Amino acid sequence: MRYLVFSLAALALVLTGCRGMESEETPVHPNQDMDYQERFNAQDANPFFADNAAMRKPVSGTVARGFLREDSALYTGRDDDGVLVESNPVDISQAVVQRGKERYEVYCSVCHGIAGDGEGIIMTGDYGYTPAPTFHADRLRNEEPDGHFYDVITNGIRSMPGYASQIAVQDRWAIVAYIRALQRSQNASEDDLPESARVEIEQGESANITVE
């Protein structure tokens, strides 16, 4: 019994020493976990280099993994000679056009309008913005290549800022595809309708048309 009481008293004494009391002694740190290492934080000076900068620029000519953009047409909208590409380099599908519609309505419609007529919500109000062009002007429909629209989305033009940091490359091309769809839809003629649709319209019926 005396041994048990002595053991409990010793245990209590030990536990009272683990209550966070300050000590001048160096703490025991058996597991380092890389807590102490020779390294530099961001913006630190490093006297090893002539410019005293610890943060180093990438070696000239190197490219980060996944950032080798050899396809000039896809990533810049221009060919190897710097000329704007005529056609969209992305395979156009209904899913691509739908994605372009969704991205267009997020980023473009506020200025260019849902129909691409330049009558977006901030253009019709008294906000003092430079009027956005309509995509249905002859120049933009018939003269400018697809690369022009991609270049404008990427780099901006006049008072319009570029959206390269906000819209992914594939999404920019999807928007270009949707703009072309808007242009065709708003400037369609009877000859653009399939024969079956023209027959239904002539008979006074509503034509159900699926665009491929």
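The rules we used
Residues numbered from 1 in each chain as written. Predicted model: local features only at pLDDT ≥ 70, side-chain atom pairs only at ≥ 80, totals over all residues. Heavy atoms only, no water. Buried < 20%, exposed > 50% of the residue type's maximum accessible area, 1.4 Å probe, protein only. Helix = DSSP H or I, 4+ residues; strand = E, 2+ residues; numbered from the N terminus. Contact = heavy atoms within 4.5 Å. Axes fitted to C-alpha atoms, helices over the stretch in contact; angles between N-to-C directions. Parallel < 35°, antiparallel > 145°, perpendicular 65-115°, else oblique. Nonpolar A, V, L, I, M, F, W, Y, C, P; charged D, E, K, R; others polar.

**Remarks on helix α7 (residues 146-155)**
Of all 10 residues in α7, nine are buried; the element is thus mostly enclosed. Among all positions in α7, only Asp146, Gly147, His148, Phe149, Tyr150, Asp151, Val152, Ile153 and Thr154 are buried. Buried positions along α7 lie against α2 (72-76), α6 (138-143) and α8 (169-186).

**Observations regarding the packing of helix α3 (residues 94-107) against α8**
Here α3 crosses α8 at 95 degrees, and the two axes come no closer than 7 Å. If you check the angle between α3 and α8, you find them roughly perpendicular. Where α3 approaches α8, its residues Val96, Val97, Arg99, Gly100, Lys101, Arg103 and Tyr104 are matched on the opposing element by Asp171, Ala174, Ile175, Ala177, Tyr178, Ile179, Ala181 and Leu182. Considered class by class, the residues forming the contact of α3 with α8 number 10 nonpolar, one polar and four charged.

**Comments concerning unusual backbone geometry**
Here the phi dihedral of Gln43 falls at roughly 75 degrees; this positive angle occurs in a residue that is not glycine. Along the chain, Gln43 falls in the loop between α1 (2-16) and α2. Given the relative accessible area of 68%, Gln43 is considered exposed. Its identity as a non-glycine residue notwithstanding, Arg158 has a phi of 50 degrees, on the positive side. Here Arg158 lies in the loop between α7 and α8. The exposure class of Arg158 is exposed, given its relative accessible area of 71%.

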